[in-house]
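Summary of structural features
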Amino acid sequence: MIGYYIHHQGLGHLHRALCIARKARTPVTGLSSLDPPPDWPGPWLRLPLDTAVSAVDTRAQGRLHWAPLHHDGYARRMGKLSDWIGAARPALVVSDVSVEVACLARLLGVPVVTVAMRGERLDDAHRLGYDLALRLLAPWPASVPEPGWPPHWYEKTVYASAFSRSDGRACPTARRDGTRQVVLMLGAGGDGVTAEQVSAARDATPQWRWDFLGGPLGAWSGDPWPRLCAADVVVTHGGQNAVAECAAARRPAVVLPQERPFGEQLATGRALRRAGLAVVRERWPEPHQWPSLLAEAAALDGSGWSRWAPGDGASRAARALDGLAGAPWNE
């Protein structure tokens, strides 16, 4: 049995866990405050929320990220996890992501795999979580590592490459009427883009038809795949799963990293720029910049995404976890 902790902010962690759980031979139990997706392939442990406005000393003097004192929700959450680990005796716990869950599992004698994230992860809390992990699972290719890590982190990293729930799907044939189409895809975790900014970009590019997936002028879609496939250019933020969806569709992209803790999306943008896979801008462009920006992206060869997401990343991750779950650890 593998326990897979899934953070409840946004939907990227959930989509990633589902991709891996579907490929794993070992039974996977989801551990999360989120509801299980209808097609989750195993058991699910629903955890109490641990959020509160009045939380006290949440970071334990900088050694942790979220461990509030005298917080009923947090105490129930960690207690329920501890009870499950004691009863289920999982062979492995995956943390995506929580240093506190990683610490709890390791203190209870269970090997931990932490899903790595790009950005500034050298604070004390991340060092603790990454150091105690048996392996780090990186959903990006080894050819574009995250710079500045301690050597021992690189040594224990499994590079799965990027993957998404759309890997292996065929793109439907899009009907073309001569008008180029741009899809603006924004996430469920907050993006900071205003309706005025989006409208100005659309007005500045009358030769493009705009389609909106999420964000201030669109609705969230449970399956964006057909609309991504129909795009000549996708404009999106720098979240790992959004980028992986673009890569799976092999569509040229403009990536506009949003502000996130530890600079995660900015770091992803830098990696994409180094690899020459997308047009990247660190801030929302001015209206007059959009025509040349979309033209630059449209000139990219979308097949280059195969270097970022070859299509078997979830299988690679699952094989690694299966191997670790079956290993007789004698540390």
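Located above this text is the structure these notes cover.
Described in the following lines is the structure provided in the data block.

Here is what the cut-offs are and how they apply
Residues numbered from 1 in each chain as written. Predicted model: local features only at pLDDT ≥ 70, side-chain atom pairs only at ≥ 80, totals over all residues. Heavy atoms only, no water. Helix = DSSP H or I, 4+ residues; strand = E, 2+ residues; numbered from the N terminus. Buried < 20%, exposed > 50% of the residue type's maximum accessible area, 1.4 Å probe, protein only. Contact = heavy atoms within 4.5 Å. Pairing = 2+ DSSP bridges. Axes fitted to C-alpha atoms, helices over the stretch in contact; angles between N-to-C directions. Disulfide = S-S within 2.5 Å. Polar contact = N/O pair within 3.5 Å; in protein donor to acceptor, adjacent residues only side chain to side chain. Core = buried A, V, L, I, M, F, W, Y, C linked by side-chain atoms within 4.5 Å.

Turning our attention to the environment of Arg 227. By the element assignment, Arg 227 lies in helix α7 (residues 225–229). Judged by relative accessible area, which is 30%, Arg 227 ranks as partly exposed. In this structure the C-alpha to C-alpha distance between Arg 227 and Cys 171, which are 56 residues apart in sequence, comes to 9.5 Å.

Let's shift gears to the environment of Tyr 159. Among the secondary structure elements, Tyr 159 is positioned in strand β7 (residues 157–159). Note: C-alpha distance between Tyr 159 and Asp 57 (102 residues apart in sequence) is 35 Å. What Tyr 159 contacts, discounting residues up to four positions off in sequence, is Ala 138, Trp 140, Pro 141, Ala 142, Pro 145, Tyr 154 and Arg 316.

What follows deals with the sheet that holds strand β2 (residues 28–32). Strand order in the open sheet made by the seven strands is β3-β2-β1-β4-β5-β6-β7, with parallel pairing throughout. Both edges of this open sheet fall to β3 (44–46) and β7, since each of them pairs with a single strand only. Going from strand to strand, the sheet's axes swing by 20° on average, the running direction of each strand aside. Note: β2 against β3, three bridges, orientation parallel. Across the sheet, Ser 32 pairs through a bridge with Arg 46, a residue of β3. Contacts from helix α1 (residues 12–23) reach β1 (2–6), β2, β3, β4 (92–96), β5 (112–115) and β6 (135–138) within the one sheet, and its direction differs from that of β1 by about 160°. Packing against the sheet, helix α3 (residues 99–107) makes contact with β1, β4 and β5, and its axis sits at approximately 170° to β5.

Time to look at the state of the cysteines. This model, assessed by the stated rule, comprises one disulfide. There is a disulfide in this structure between Cys 171 and Cys 229, and the S-S distance comes to 2.1 Å. Every disulfide takes its handedness from the sign of the S-S torsion; for Cys 171 and Cys 229 that torsion is -70°, giving left-handed. Taken together, the residues Cys 171 in the loop between β7 and β8 (180–185) and Cys 229 in helix α7 connect sequence positions 58 residues apart. In this structure Cys 229 comes out as buried when scored by relative accessible area, which is 6%.

A separate point is the side chain of Ser 33. By the element assignment, Ser 33 lies in the loop between β2 and β3. Taking the relative accessible area as the measure of exposure, Ser 33 reaches 6% and is therefore buried. For Ser 33, the side chain forms a polar contact with the main-chain oxygen of Leu 47, separated by 3.0 Å.

So, on to the nonpolar core. By size, the foremost hydrophobic cluster in this structure holds 66 residues, and its most contacted members are Tyr 4, Ile 6, Ile 20, Trp 40, Leu 272, Trp 305 and Trp 308. The leading source of residues in this core is helix α8 (residues 240–249), at seven residues. The contacts of Tyr 4, once residues within four sequence positions are left out, are Arg 16, Ala 17, Ile 20, Val 28, Thr 29, Gly 30, Leu 31, Val 94, Asp 96 and Val 115. Among the nonpolar cores identified, the runner-up in size contains 21 residues, and Tyr 5, Leu 64, Trp 84 and Val 99 belong to it.

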